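This is what each chain is made of:
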Amino acid sequence: MSPADSPAGGAAAGDVPLAVELRGITKRFPGVVANGDIELRVRRGEVHAIVGENGAGKSTLMKTLYGEHRPDEGEILVDGRPVQFRSPADAIAAGIGMVHQHFMLADNFTVLENVILGSEPTKRGRLDRAGARRRIEEISERYNLGLRPDALVEDLGVGDRQRVEIAKVLYRDARILILDEPTAVLVPQEVDELFGNLAELKREGLTVIFISHKLDEVRRVADSITVIRRGTTVGTADPRTTTAKQLAELMVGAELPTPETRESTVRDTPVLQLVDVTVSDESRRPVVDDVTLTVREGEVVGIAGVEGNGQAELVDAIMGLRPLAAGSVLLGGEDVTAWSTRARREAGVGFIPEDRHRQGMLLDAPLWENRILGHQTRPPAVKGPLIDRRGARADTARIMREYDVRAPGPDTLAVALSGGNQQKLIVGREMSARPRLLVAAHPTRGVDVGAQSVIWELLKDARAEGLGIVLISADLDELIGLSDTLHVMLRGRLVATLDPRRVTPEELGGHMTGARSTAGAA
Ligand SMILES: Nc1ncnc2c1ncn2[C@@H]1O[C@H](COP(=O)(O)OP(=O)(O)OP(=O)(O)O)[C@@H](O)[C@H]1O
Ligand SMILES: [Mg+2]
């Protein structure tokens, strides 16, 4: 580790030319210095990781490099030449592409349409679909992205959406790829695949800038690391000689938490029962296939699975967001199969959705409105027949304190929060209603190591008081550490039930991909 060295005149670090150099970048938002005097030097052909706490300024810095923001101060050099981007179009023309922290695809379009959107190829003045298809297939093949050009994006899981985003960037001939927390949404096997793809990109001479909170994986994939704290560069680290612990300390000055929870708080009373639940897709294929499971008071039931094996549909079934083809859902012993989502929520079901931008938040609304979203019928949202703005604001301020949501105040717009801080607000909101069942899809996705341990503690405390939790997560340490019971979901079925006290992440991964026989599972 060395302190961020002063910029050494642009052209080279060692012998390798710099693909990107940022000098003294400052970007202010009203009341916030998101980036203050940041230095970044990325060598051509390397994978360069950027790490830092939630709200440290990583996404802002990348959006500045990508032409979405104009820096208030500082200089951007690409391939040694100073540039001034007025928009992402300028950045793309300079060979820079970005995959955002939350995806930006058009749901009701196909993969092919999404990839070409904004740079439609033409042949004699007409859209050249065949040509586009050939190029997409070639890109998919070369980087092993497994794209189906005619699939509708709304039918894709998060992992596939990400590959579409990457293809979209490659389609525009990017030489420098920015990936903002790409692995937050992936299970280990998919992370391996992505890292395989990154290796291909590197071989082809592309440069990758990679943001992540998972320090082990940063050390695995990165050639060099820049650490950002509270908007400014605090150092660069060599992944070969820096431990995850040292990195965490550099980031937050704290130790890495583990979710470890061993004393069981499981009681006998069931809060949720799924009985022979089947959910079908449009073509009547079962995507959740005859699932039976019980969550008792004080119990965390983890569902492990590779993205797209029915977990999302299972969550929808529990929440009443999708009709069942067969089976029933019971809450506290009562059959709620025919109940609306709202009725279920009012009966005490908390929900942390997988895709916070589509289901969990109104980005253009202030935080206090987001606080009452989905909870409009109860205090602090209402007082008598009226919306209680003051109560909602005060309670939002409380959540911000307890969950360490870093933002100026309850009137800040949600869109101005960093990704991890948005997530913390959603978790705080759902826990505030004191639910008896919490359906949590990736509750700490995108949250930094410090905040992650805070959320784990709060979930454990609520569990000890009798909360039942359905936990879906791509973070196997989280699943193993928090769950009392662990099911594996594969192609819509629960194929194994494992003891989280004994299973290792590797074994769990084997079950998830079906590589391991399900016999012998406890
Ligand atoms: N459009 C905006 N308007 C106002 N403030 C903003 C805006 N975008 C970001 N900020 C603020 O700038 C700071 C840095 O945010 P940024 O999104 O860059 O953090 P981050 O490092 O990417 O965090 P995370 O790991 O949570 O994604 C935060 O305080 C955030 O609230
Ligand atoms: Mg971010």
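Quick notes on the rules
Residues numbered from 1 in each chain as written. Chains lettered and ligands numbered in written order. Predicted model: local features only at pLDDT ≥ 70, side-chain atom pairs only at ≥ 80, totals over all residues. Helix = DSSP H or I, 4+ residues; strand = E, 2+ residues; numbered from the N terminus. Rg over C-alpha atoms; globule rule 2.2 N^0.38 Å. Buried ≥ 20, exposed ≤ 12 C-beta atoms within 10 Å, placed from the backbone. Contact = placed C-beta atoms within 7 Å. Pairing = 2+ DSSP bridges. Axes fitted to C-alpha atoms, helices over the stretch in contact; angles between N-to-C directions. Parallel < 35°, antiparallel > 145°, perpendicular 65-115°, else oblique. Nonpolar A, V, L, I, M, F, W, Y, C, P; charged D, E, K, R; others polar. Near = placed C-beta within 6 Å. Domains from an automatic or database assignment. Left-handed = near helix turned anticlockwise from the far one by under 90°. Core = buried A, V, L, I, M, F, W, Y, C linked by C-beta atoms within 7 Å.

What to know about the overall build of the protein
Looking only at helices and strands, the protein has 17 helices and 25 strands in total. Here the C-alpha atoms of the protein give a radius of gyration of 23 Å, agreeing with the 24 Å that 2.2 N^0.38 yields for 522 residues. Principal-axis analysis of the C-alpha atoms places the extent of the protein at approximately 70 × 50 × 50 Å. Counting all 522 residues of the protein, 48% fall into the buried class. When contacts within the protein are restricted to residue pairs at least 6 apart in sequence, those whose partners lie at least 24 apart make up 68%.

With respect to helix H1 (residues 58–65)
Burial runs high along H1: eight of the eight residues are buried. Every buried residue belonging to H1 is among Lys-58, Ser-59, Thr-60, Leu-61, Met-62, Lys-63, Thr-64 and Leu-65, and all of these are buried. Of the residues trailing H1, Gly-67 is marked for its positive phi of about 80°.

Digging into the environment of Arg-41
As for its position among the elements, Arg-41 is in strand E3 (residues 32–43). For the pair Arg-41 and Gln-422, spaced 381 residues apart in the sequence, the C-alpha separation amounts to 29 Å.

Overview of helix H9 (residues 311–319)
Residues that lie three or four places apart on an α-helix share one face, since the helix turns once every 3.6 residues. Within H9, eight of the nine residues are buried, which leaves the element mostly enclosed by the surrounding structure. Along H9, the residues that are buried comprise Gln-311, Ala-312, Glu-313, Leu-314, Val-315, Asp-316, Ala-317 and Ile-318. In the stretch just after H9, Gly-320 is the one whose phi turns positive, near 75°.

A look at the sheet that holds strand E17 (residues 326–331)
A sheet is described by the order of its strands in space; here four strands give the open sequence E15-E14-E17-E18, paired in antiparallel fashion. Strands with a single pairing partner mark the edges of an open sheet, and in this sheet they are strand E15 (286–296) and strand E18 (334–335). Alignment of strand E14 (residues 270–280) against E17, held across five bridges, turns out to be antiparallel. Across the sheet, Gln-273 pairs through a bridge with Leu-330, a residue of E17.

As for the packing of helix H14 (residues 419–432) against helix H15 (residues 449–464)
As a packed pair, H14 and H15 sit with axes 11 Å apart at the nearest point and diverge in direction by 10°. Between H14 and H15, the interaxial angle falls into the category roughly parallel. Residue-level contacts link Gly-420, Lys-424, Val-427 and Met-431 of H14 to Ala-451, Ile-455, Leu-458 and Ala-462 of H15. Of the residues that constitute the contact of H14 with H15, the class distribution is six nonpolar, one polar and one charged.

Remarks on the site of ligand 1
Not every one of the 22 residues close to ligand 1 is listed here, only the nearest: Asn-54, Ser-59, Thr-60, Ser-418 and Gly-420. Those elements that provide at least two residues to the shell around ligand 1 are E3, H1 and H14. Partitioned by chemical class, the residues of the shell around ligand 1 number seven nonpolar, 12 polar and three charged. Two domains each donate at least three residues to the shell around ligand 1, and these are domain 1 (1–95 + 174–256) and domain 4 (355–433).

Examining the domain arrangement of the protein
Each assigned domain of the protein is listed with its residue range as follows: domain 1 (1–95 + 174–256), domain 2 (109–171), domain 3 (267–348 + 435–522) and domain 4 (355–433). The straight-line distance from the C-alpha centre of domain 1 to that of domain 2 is 26 Å. Facing the nine residues of domain 1 at the interface are seven residues of domain 2.

Some thoughts on the sheet that holds strand E24 (residues 485–490)
With mixed pairing, six strands are arranged side by side in an open sheet as E19-E22-E23-E16-E24-E25. The open sheet has two free edges, formed respectively by strand E19 (349–352) and strand E25 (493–498), since each of these has just one partner strand. In this sheet, adjacent strand axes meet at a mean angle of 20° when their direction is disregarded. With five bridges connecting them, strand E22 (residues 437–441) and strand E23 (residues 468–472) associate as parallel partners. Pairing of Leu-438 across the sheet is with Ile-469, part of E23. Packed on one face of the sheet, H9 meets strand E16 (300–304), E19, E22, E23 and E24 and runs near 155° to E22.

Details of the packing of helix H4 (residues 129–142) against helix H5 (residues 158–171)
Relative to each other, H4 and H5 sit at 115°, their axes nearing to 10 Å. What the angle tells us is that H4 and H5 run roughly perpendicular. Of the two possible hands of crossing, H4 and H5 adopt the one that is right-handed. Between H4 and H5, the residues in contact are Arg-135, Ile-136, Ile-139 and Ser-140 and Ala-167, Leu-170 and Tyr-171, respectively. A breakdown of the residues in the contact of H4 with H5 according to their chemical character gives five nonpolar, one polar and one charged.

Observations regarding the pairing of E17
In this sheet, E18 lies alongside E17 in antiparallel orientation, the contact comprising two bridges. Bridge pairing links Leu-330 to Asp-335 in E18. Between E17 and E18, which follow one another and run antiparallel, lie two residues, and Gly-332 among them has a positive phi close to 50°.

Some points on the nonpolar core
Across soluble globular proteins, nonpolar side chains have a tendency to be buried as a group. Counting 141 residues, the largest nonpolar core has Ile-96, Ile-178, Val-470 and Leu-471 as its most contacted members. The element that contributes the greatest number of residues to this core is H15, accounting for six residues. Filtering out sequence-adjacent residues up to four positions away, Leu-471 remains in contact with Val-300, Val-301, Gly-302, Ile-303, Ala-440, Leu-479, Leu-482 and Ser-483.

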